[in-house]
Amino acid sequence: MVNSTENSPLGRITIFAASANGRLAEDVATRLGITLGESETGKFSDGETKVIIGDTVRGSDVYIIQSTCPPVNDNLMELLVMLDAMRRSSAGRITAVIPYFGYARQDRRARAHDPISAKLVADMITSAGASRILTMDLHAPQIQGFFNIPMDHLRGSHIFVDYYKNKKNLGDMSEVVVVSPDFGSVARCKKFAEELNVPLAIVDKRRLDDKTSEIDHFIGDVSGKHAILLDDVLATGGSLCNASDIVMKNGAKSVSACVTHPILCGDAVKIIQSSPIDELVVLDTIELVPEKKLDKIKVLSIARYLSEAINCIHTNQSIGDIFDKTKGKLGTMPY
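Scoring rules and cut-offs
- Note on numbering: residues in each chain are counted from 1, in written sequence order.
- Restriction of local features to residues with pLDDT of at least 70 applies here, the model being predicted, together with a cutoff of 80 or more for giving and counting side-chain atom pairs; totals for whole chains, interfaces and linings are based on all residues.
- Side-chain figures throughout are based on the complete set of non-hydrogen atoms in the structure, without hydrogens or water.
- Whenever a helix is involved, its axis is fitted only over the stretch in contact; in every case the axis is a line through C-alpha atoms, and angles between N-to-C directions fall within 0 to 180 degrees.
- The helix count covers DSSP runs of H or I at least four residues long, the strand count covers runs of E at least two residues long, and both are numbered beginning at the N terminus.
- Angular relationships are summarised with four words: roughly parallel below 35 degrees, roughly antiparallel beyond 145, roughly perpendicular across 65 to 115, and oblique for the angles in between.
- We call a crossing left-handed when the near helix sits turned anticlockwise from the far one by less than a right angle, and right-handed when that turn is clockwise.
- Contacts: residue pairs with any heavy atoms within 4.5 Å of one another.
- Side-chain classes are defined by residue name, with Ala, Val, Leu, Ile, Met, Phe, Trp, Tyr, Cys and Pro counting as nonpolar, Asp, Glu, Lys and Arg as charged, and the others, Gly among them, as polar.
- Throughout, nonpolar core names a set of buried Ala, Val, Leu, Ile, Met, Phe, Trp, Tyr and Cys residues whose side chains join them through atoms within 4.5 Å.
- Type-normalised accessible area, obtained with a 1.4 Å probe on protein chains alone, sets the label of each residue: buried when under 20%, exposed when over 50%, and partly exposed for intermediate values.
- Only strands joined by at least two bridges in the DSSP assignment are considered to pair.
- With the strands aimed away from the viewer, a crossover counts as right-handed if its path from the first strand over the helix to the second runs clockwise.

How two helices sit against one another is set out by the angle between their axes and by the gap between those axes. Put simply, helix H1 (residues 22–31) and helix H8 (residues 303–314) touch, their axes get as near as 9 Å, and they point 55° apart. As the angle between them shows, H1 and H8 are arranged oblique. Helix-helix and strand crossings are classified by hand; for H1 and H8 the assignment is right-handed. Listed contacts from H8 to Leu 24, Asp 27, Val 28 and Arg 31 of H1 are Ala 303, Arg 304, Leu 306, Ser 307 and Ile 310. Across the contact of H1 with H8, the residue classes tally to five nonpolar, one polar and three charged.

Our next topic: the nonpolar core. Residues Ile 15, Phe 160, Tyr 164, Phe 192 and Ile 310 are the most contacted members of the largest nonpolar core, which totals 46 residues. Setting aside residues up to four positions removed in sequence, Ile 15 forms contacts with Ala 25, Ala 29, Leu 32, Ile 34, Leu 36, Gly 37, Tyr 63, Ile 65 and Ile 310. In this structure, Val 62, Met 86, Ala 91 and Ala 128 belong to the second largest nonpolar core, which totals 32 residues.

Attention now goes to the sheet that holds strand S7 (residues 151–154). Judged by pairing direction, the sheet is parallel, and its five strands sit side by side in the order S1-S4-S5-S6-S7 without closing on themselves. Edge positions in the sheet fall to strand S1 (13–17) and S7, since each has one partner strand and no second. Averaged over all pairs of adjacent strands, the angle between strand axes in this sheet comes to 15°, irrespective of strand direction. Running over the sheet, H1 touches S1 and strand S4 (61–65) and is turned about 165° from S1.

With that out of the way, let us pick up the pairing of strand S5 (residues 93–98). Most of S5 is tucked away, with six of its six residues classed as buried. Burial of the side chains of S5 extends over both faces: Arg 93, Thr 95 and Val 97 are buried on one face and Ile 94, Ala 96 and Ile 98 on the other. Sheet topology places S4 next to S5; five bridges connect them, and they run parallel. Each residue of the ladder has a partner; that of Val 62, found in S5, is Ile 94. Once you follow S4 into helix H2 (residues 72–88) and on to S5, the crossover reads as right-handed. As judged from the four bridges shared by S5 and strand S6 (residues 132–136), these two strands associate in the parallel manner. The partner of Ala 96 across the bridge, within S6, is Ile 133. Read from S5 through helix H3 (residues 117–128) to S6, the crossover connection turns out right-handed.

As structure tokens, this is what we get:
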């Protein structure tokens, strides 16, 4: 991609990688035709976050790529310190590129005296120096309103749609049905099903606590069909795998799943391995360590998506056009 500055009031694009998304940041920079900015992150002897910026950023259009995934607090603090460093170094504009936004599940007061941690984190990121936010599949879309700075919210389902439309063993999609693993995901799954032009089914889940849930009802028809579960976050894996069990019990021919953010904490890998899910497709918003990689887990890159979005922001173009097939801007994404 040619780094054009004709339509931008700012100078050059500079991409910096914090420790959570090093590989992704390198790929994004390569696709933009630039090299990563020089930086170093680590810890002082007392455990405090240490950040060293090796490049001049004065007047630059700076993008810091960092998911606030586990270890959440360490990664969040690293992002805040790096934002502060860029602000104090007179960067022209600072965009926090947060593929996975942690604390998003604490978006309201579910009980008396609960904090709204998502709002607190939004305020911290803004105060630290962010001029703009670029993120993907917020667990609670209303978090966009927690920021008083511009935010671009990307949808991971676009990538999944391209993947499944080109998947050979699904044929003409006439035997495919999208399944929402709970009522909270219905809107997301409905849009996904519409883009694939297939029916929608719904699993009615009741959450017992942070780690466990139970299935109340199943709505829809999956008999003899290839079922595709869609969710935004995969933490312990319990909900997704329980939903896959229900789908198979209701006569599905097969079940696969796609998830934007593969946190995979606790025994999630073992639970997925023993589940009826044939294939779990995830995005690299969170980098999988070797011990979390399974043969049934397929990772799709968001690097091209992010690089297109960053280029659009830099040159004042519409991000909404990235996946407009009629304009042929992105086309079929390579994997």
